[in-house]
Amino acid sequence: MDPVELFRDVAASVPAYRAFLAEHGISADEDDFSRLPMTTKDNYTRRHPLPDLCRGGVIGDMIAVSSGSTGVPSFWPRSARDEQVIAARFAEVFDAFEARSRRTLAVVCFALGTWVGGLFTLACLRHLAERGYPVTCVAPGSDKREILRVVPELGPHFDQVVLLGYPPFLKDVIDSGAGWERWDLKLVTAGEVFSEEWRTLVAGRAGIADPVSGIASLYGTADAGVLGNETPLSVEIRRFLASRPDLARELFGSSRLPTLVQYDPDVRYFEEHEGTLLFSGDNGIPLVRYHIADEGGLLTHERLLSFVRGHGFEPSRGGTTMPFVYVFGRSHFTVSFYGANVYPENIAVGLEQPEVSASVTGKFVLEAVEDAGLDRRLTVTVELRPGLDPEPGIREAVGASILRQLLRLNSEYAAYVPEHRRPPDIVLRPAGDPEYFPPGAKHRYTR
């Protein structure tokens, strides 16, 4: 993508962007892209009427809704053209599943209705069918009972079944069913960073023989659809880095392991800004230097491959030479404890260890609270597996597993938190607890 060409086109055709440039004293003839002011929800999309954000002041043929991380709904016009471009990201994922030659049942498990995930995913998958992929879609949405009904009934008619949804929801579906290996299951996730322990655990329960090529994550946003996708190459590299936290810190500058995806620079133009990501792209609302506030960065294909090879790892998966973008998520989802940033990803790895994973669902809520003596305590409220009572020793095992992974993965925690305060307080709650784990809601991991 030529970002200057996109800028000039948007400046000429989008009323809100023309007004935005005038406010900042920027000419529509500016040819230094880096001089253009960043756009955000607060300084741009929320300040203008929806039609003015679209080309020619005309809203597209569909509108999706996203609550975002703040809970305030945003409206994002879409068009069939947007879907056709983004369908290429789904095509890359489904190519890894060999879906060009295998009859595939795609089960959309994202929420339906006005929310962006379900209907947009369904539309992109139907574009794959139009391109000749033998893909058939069914969309039970986030109705777990309906998913568990349609898969056994329809699965025998296909060579493989692909579930598409949020990671914790798909894990819940898999844990609630049985015999998944009959359908040669694959998973496509979005919306959350997960660990490689999670990938291995869920692959084992789902009967997925090869976690590298059988589970793929999409990096998507309501603002612009899918921006990038995991490939077998990116997953293989991420699994290597998961086994070497020292190298992950050297490469990414953080103890967290980010989502690592590849993206098409002809469709999305990414930039880094102070450890966060900007992108530009042609969408229902065209966006120029849009600051999405995701923490992350960019790596060329050559740099990343050189890095891992320099540390003795030679990837066995080939494929695209597209660049990489890594994404941590947003910093306000952390909890500060004795000056250390505690990330949900650190806690999740502790719950995915073999000694505790059979007892818990993987959902939790992380809090830093004051006890009766006004001392700060790190509290983790954990959801038990359905029908499981808190047996003796579970709470202690969960706490010990979380602490081990915190000390292994989070150097700040080990350095900043006094030794006697390091063990987290563990609270066990039943599955579907209405206060912490209400069914059907998008889960929040911090408070």
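Structure: see above.
Computed from a prediction, not measured in an experiment: that's the story for all the values here.

1. Describing the overall build of the protein
Looking only at helices and strands, one finds 15 helices and 18 strands in the protein. For the protein, the C-alpha radius of gyration of 22 Å lies close to 22 Å, the compact-globule estimate for 447 residues. With the C-alpha coordinates aligned to their principal axes, the bounding extent of the protein is approximately 70 × 55 × 50 Å. Counting every position in the protein, which comprises 447 residues, the buried fraction comes to 55%. In the protein, of all internal contacts separated by at least 6 residues, the share reaching a separation of at least 24 is 69%. Accessible surface computed for the protein: about 18,400 Å², of which carbon and sulfur atoms make up 51%. Put simply, the protein has 47 plus and 60 minus side-chain charges, and the middle of one group is 2 Å from the middle of the other.

2. Some points on the environment of R444
By secondary structure assignment, the location of R444 is in the segment after strand 18 (425–429). Between the C-alpha atoms of R444 and V365, which are 79 residues apart in sequence, the distance is 7.1 Å.

3. Points about the sheet that holds strand 17 (residues 376–384)
With mixed pairing, the three strands of this open sheet are ordered in space as 16-17-18. The sheet terminates laterally at strand 16 (360–370) and strand 18, the two strands that pair on one side only. This sheet shows a mean twist of 25 degrees between the axes of neighbouring strands, independent of strand direction. The pairing of strand 16 with strand 17 spans eight bridges and is classified as antiparallel.

4. Some details on the packing of helix 9 (residues 232–242) against helix 11 (residues 301–310)
Following both chains from N to C, one finds helix 9 and helix 11 inclined at 40 degrees, their axes separated by 11 Å at the closest point. As far as their axial angle goes, helix 11 and helix 9 are oblique. Every pair of crossing elements has a handedness; the one defined by helix 9 and helix 11 is left-handed. In this structure, helix 9 uses L233, I237, F240 and L241 to contact helix 11, whose residues at the interface are H301, L304, L305, F307 and V308.

5. Digging into the pattern of salt bridges
Applying the stated criterion across every chain, the model contains 29 salt bridges. R35 is the salt-bridge partner of E30, the closest N and O atoms lying 2.5 Å from each other. Of the charged contacts in the structure, one is a salt bridge between D184 and R102, with a shortest N-O distance of 2.8 Å. Remark: R102 occurs in the loop between helix 3 (80–96) and strand 3 (104–108) and D184 occurs in the loop between helix 6 (167–176) and strand 6 (185–190); sequence separation between them is 82 residues.

6. A word on the pairing of strand 12 (residues 287–299)
Of all the 13 residues making up strand 12, eleven are buried; the element is thus mostly covered by neighbouring parts of the structure. Here four bridges tie strand 11 (residues 276–281) to strand 12, and the two strands are oriented antiparallel to one another. Paired with F279 across the bridge in strand 12 is Y290. From the end of strand 11 to the start of strand 12, which pair antiparallel, there are five residues.

7. Some details on helix 2 (residues 15–23)
Those residues of helix 2 that sit buried are A16, Y17, F20 and L21. One side of helix 2 holds all its buried residues, which, seen down the axis, span an arc of 135 degrees. Buried positions along helix 2 lie against helix 1 (3–13) and strand 12. Taken from the residues just after helix 2, G25 is the one with a positive phi, measuring 65 degrees.

8. A closer look at the environment of S101
Here S101 is to be found in the loop between helix 3 and strand 3. Spatially, the C-alpha atoms of S101 and D159 are 9.5 Å apart, while their sequence positions differ by 58 residues.

9. Regarding the pairing of strand 6
Most of strand 6 sits out of view: six of its six residues are buried. Covered by surrounding structure in strand 6 are L185, L187 and T189 together with K186, V188 and A190, the residues of both alternating faces. Bridge count for strand 5 (residues 160–165) against strand 6 is five bridges, and the pairing is parallel. Considered in strand 6, the bridge of V162 is made with K186. With helix 6 bridging strand 5 and its parallel neighbour strand 6, the resulting β-α-β unit is right-handed.

10. Comments concerning the side chain of T221
For T221, the position within the fold is in strand 7 (residues 215–221). For T221, a relative accessible area of 11% gives the class buried. A distance of 3.1 Å separates the side chain of T221 from the backbone nitrogen of A224, its partner in a polar contact. Once residues lying within four places of it in the same chain are set aside, the contact partners of T221 are R78, L227 and I292.

11. Focus: unusual backbone geometry
Phi angles above zero are rare outside glycine, and D184 is one such case at about 45 degrees. At R289, a position not held by glycine, the phi torsion is positive, near 50 degrees. Within the fold, R289 resides in strand 12. With relative accessibility at 10%, the residue R289 sits in the buried group.

What counts and what doesn't
Residues numbered from 1 in each chain as written. Predicted model: local features only at pLDDT ≥ 70, side-chain atom pairs only at ≥ 80, totals over all residues. Heavy atoms only, no water. Helix = DSSP H or I, 4+ residues; strand = E, 2+ residues; numbered from the N terminus. Rg over C-alpha atoms; globule rule 2.2 N^0.38 Å. Buried < 20%, exposed > 50% of the residue type's maximum accessible area, 1.4 Å probe, protein only. Contact = heavy atoms within 4.5 Å. Areas by Shrake-Rupley, 256 points an atom, 1.4 Å probe, with all protein chains shown as cover. Lys, Arg positive; Asp, Glu negative; His and termini not counted. Charge placed at Lys NZ, Arg CZ, Asp CG, Glu CD. Pairing = 2+ DSSP bridges. Axes fitted to C-alpha atoms, helices over the stretch in contact; angles between N-to-C directions. Parallel < 35°, antiparallel > 145°, perpendicular 65-115°, else oblique. Left-handed = near helix turned anticlockwise from the far one by under 90°. Salt bridge = Lys/Arg side-chain N within 4 Å of Asp/Glu carboxyl O. Arc of directions from axis to C-beta. Right-handed = clockwise from strand over helix to strand, strands pointing away. Polar contact = N/O pair within 3.5 Å; in protein donor to acceptor, adjacent residues only side chain to side chain.

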